[in-house]
Amino acid sequence: MTALDRLRADLAGLTLADDAPTLRMASRDFFWFSPVLKPELEGKVADLVVTPASKDELRRVAAACARHRVPLVIRGGGTGNYGQAVPLAGGVVVDMRKLDRKIFARPGGCRFEAGANMLDMDKMLDADGQELRFHPSTRAQATIGGFVAGGAAGVGSCTWGQIDNLGAVTALEVMTVEEEPRLIELRGREILKVMHAYGVNGIITEVELPTAPAHDWAERIVTFDSFMAAVRFGQAFMECEGIAKKLASVHDARIGPYLKRLAPYLPEGRAFAILMVSEPQADTLDLLIADHKGEVTFRRGAAEAKAVAFGTHHGRGGPGPLYEYTWNHTTLHALKMDPAITYIQLRFPAPNNVALVEWTAKEFDEDVLLHLEFQRREGKVITSSLALVKYTTTERLNAIMARATEGGVQSSNAHTYVLNNAGWKRIDAPQPEFKRLADPFGLMNPGKLVGWEAASQAAE
């Protein structure tokens, strides 16, 4: 018998799948956004997909993989972009989406199993007048464990910052991959040991988060004569701390044609901002828009916006949730129109973020279409961009990122699956050391983290 045969026998009674369509779907994420990653990762599939329905079943999976030295990849909604969910060495993909229980929810905080869907979490929290502080644009598909393991920021980061900021995550429970798996509770800065680690160093089983009082979020699209006029408005909106906001996203006019559902609201040649604002303050936002000579082309009230996002809106026409046209959803829409499009990740730090954006827009006018996501980081307003690029060569992509860095812009390489190569997304924490503790045989997502050594790979 092979190691996989012995593992399969140990997992009798669990939900297993090894048919080709399931293996292919469970072994993919959105790595195909990158023309560099696509040929490297296409065709790499697991040998078996396991879907545990409880923590006890998950423990059986971890123990069996450790006992037989079979590699495993932990999967949530599969909405990552860097190949986190792709098994480089075959083995097992563990689909976590049935581990989705609410542990508790109270004003100011909640705790869920790691497979909980983030939209479902917000629906549950909304019943108590609470909401997640921020979520990815893929809220409808993403799991909270996947977001912690592979995400960085999202809708709400304009107020609440990023996932690795102190206080953004309260606690994580992690299961080790050993013959006798253990549960480890991480709190405070300890959580950085597994934060944005692609699931290489322990199975995140529960996530505890702070929550915020739920607002009635209205949506707006506002157009401007020029990109920099839109940028200056976005900065002013961010600096207007009296207005509660959930999204401040600014786009180059040339991105408009890629967003087909928004076409009726995007006049040709006009830059635009996509906004979410607390509805009682929408009139105040209108004053700021007028100050910057913007024109509101789309308004959606909070009740309708929530119904659209929660899937309870039964009207016809109109776009989906506006946040699904921002962050890396912009890339997805563009790729549907032009498969030669890819993206780069740029960050414009305070206090010169607006000047750096202007320099970048001029420096790469022919190559790069900027759309900005305004965020707060350590109390300062910053901007980041998942900028669209018409792909020609990898060398040209690297040259753009290198030149941006020379100009004072921070760049993170979106075209590598190696955790240590990911620019600013590297976390200042002892991740390799924790991997030796939580994954001593090096079975978790092998090939994604360099700079550590595993114990013996030989099965007993």
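Residues numbered from 1 in each chain as written. Predicted model: local features only at pLDDT ≥ 70, side-chain atom pairs only at ≥ 80, totals over all residues. Heavy atoms only, no water.

Visitor: Residues and numbers for the packing of helix α5 (residues 118–126) against helix α10 (residues 302–310), please.
Guide: Two elements in contact, α5 and α10, have axes separated by 11 Å at closest approach and are oriented at 135°. Between α5 and α10, the crossing angle belongs to the class labelled oblique. For the pair α5 and α10, the contacting residues are Leu119, Asp122, Lys123 and Asp126 in the first and Lys306, Ala309 and Phe310 in the second. (Axes fitted to C-alpha atoms, helices over the stretch in contact; angles between N-to-C directions. Helix = DSSP H or I, 4+ residues; strand = E, 2+ residues; numbered from the N terminus. Parallel < 35°, antiparallel > 145°, perpendicular 65-115°, else oblique. Contact = heavy atoms within 4.5 Å.)

Visitor: Kindly report on the pattern of salt bridges, identifying the contributing residues and their values.
Guide: This model, assessed by the stated rule, comprises 32 salt bridges. In this structure, the salt-bridge partner of Arg111 is Glu185, at a minimum N-O distance of 2.9 Å. Here Glu185 lies in strand β9 (residues 183–187) and Arg111 lies in strand β6 (residues 109–113), a separation of 74 residues in the sequence. Overall, the relative accessible area of 37% leaves Glu185 in the partly exposed class. With a closest N to O distance of 2.7 Å, Glu219 and Arg300 form a salt bridge. Residue Glu219 is found in strand β11 (residues 217–224), and its partner Arg300 is found in strand β14 (residues 295–300); the two are separated by 81 residues along the sequence. (Salt bridge = Lys/Arg side-chain N within 4 Å of Asp/Glu carboxyl O. Buried < 20%, exposed > 50% of the residue type's maximum accessible area, 1.4 Å probe, protein only.)

Visitor: A description of the sheet that holds strand β4 (residues 92–95) should follow, citing residues and the corresponding values.
Guide: With mixed pairing, four strands are arranged side by side in an open sheet as β1-β2-β4-β3. Two strands bound the open sheet, and with one partner strand each, they are β1 (15–17) and β3 (72–75). With direction set aside, neighbouring strand axes in the sheet form an average angle of 25°. Strands β2 (48–51), β3 and β4 of the sheet are contacted by helix α4 (residues 55–68), whose axis makes an angle of about 165° with β4. (Pairing = 2+ DSSP bridges.)

Visitor: Quick one: what's the story with unusual backbone geometry, residue by residue and with numbers?
Guide: Along the chain, Ala350 connects to Pro351 via a cis peptide bond; the corresponding omega equals 5°. Here Pro351 is to be found in the loop between β15 (341–348) and α12 (353–363). The backbone of Trp327 sits at a positive phi, close to 50°, despite the residue not being glycine. Looking at where Trp327 falls in the secondary structure, it is placed in the loop between α10 and α11 (329–337).

Visitor: Pulling in residues and values, what's your account of the pairing of β6?
Guide: With respect to burial, β6 is a largely interior element, five of its five residues being buried. Side-chain alternation along β6 places Gly109, Arg111 and Glu113 on one buried face and Cys110 and Phe112 on a second face that is also buried. For strand β5 (residues 102–106) and β6, the ladder comprises four bridges, and the chain directions are antiparallel. Looking across to β6, one finds that Arg106 is bridged to Gly109. Counted between consecutive antiparallel strands, the loop separating β5 from β6 contains two residues, among which Gly108 sits at a positive phi close to 95°. Pairing of β6 with strand β10 (residues 203–213), which is carried by five bridges, proceeds in the antiparallel orientation. When the bridges of β10 are listed, Cys110 appears paired with Leu209.

Visitor: Help me get a handle on the pairing of strand β12 (residues 245–251), residues and values and all.
Guide: Burial analysis of β12 places seven of its seven residues in the buried class, which makes it a mostly covered element. With six bridges joining them, β12 and strand β13 (residues 271–278) adopt antiparallel strand pairing. Paired with Val250 across the strands is Ala273, a residue of β13. Where β12 lies against strand β17 (residues 371–377), three bridges are found, and the strand directions are antiparallel. Across the sheet, residue Val250 finds its bridge partner in β17, namely Leu372.

Visitor: Quick rundown of the packing of aromatic side chains? Include the residues and the values.
Guide: Inspection of the entire model under this criterion finds 10 aromatic pairs. Judged by centre distance (5.6 Å) and plane angle (35°), the rings of Phe30 and Trp32 are tilted. Measuring from centroid to centroid gives 6.2 Å for Phe33 and Tyr343, while their planes differ by 90°, and the two rings are edge-to-face. Highlighted residues: Phe33 in the loop between α2 (20–26) and α3 (37–41) and Tyr343 in strand β15, separated in sequence by 310 residues. Each member of the pair, Phe33 as well as Tyr343, carries the same accessibility label: buried. Each member of the aromatic cluster is reached from another via a ring pair, and the members are Phe30, Trp32, Phe33 and Tyr343. Across the ring face of Phe441, the terminal group of Arg69 is positioned such that the distance to the ring centre comes to 3.6 Å. The aromatic ring of Phe104 is capped on one face by Arg106, whose charged end is 4.1 Å from the ring centroid. (Phe/Tyr/Trp six-rings, centres within 6.5 Å; stacked < 30°, edge-to-face > 60°. Lys NZ or Arg CZ within 6 Å of the ring centre and 35° of its normal.)

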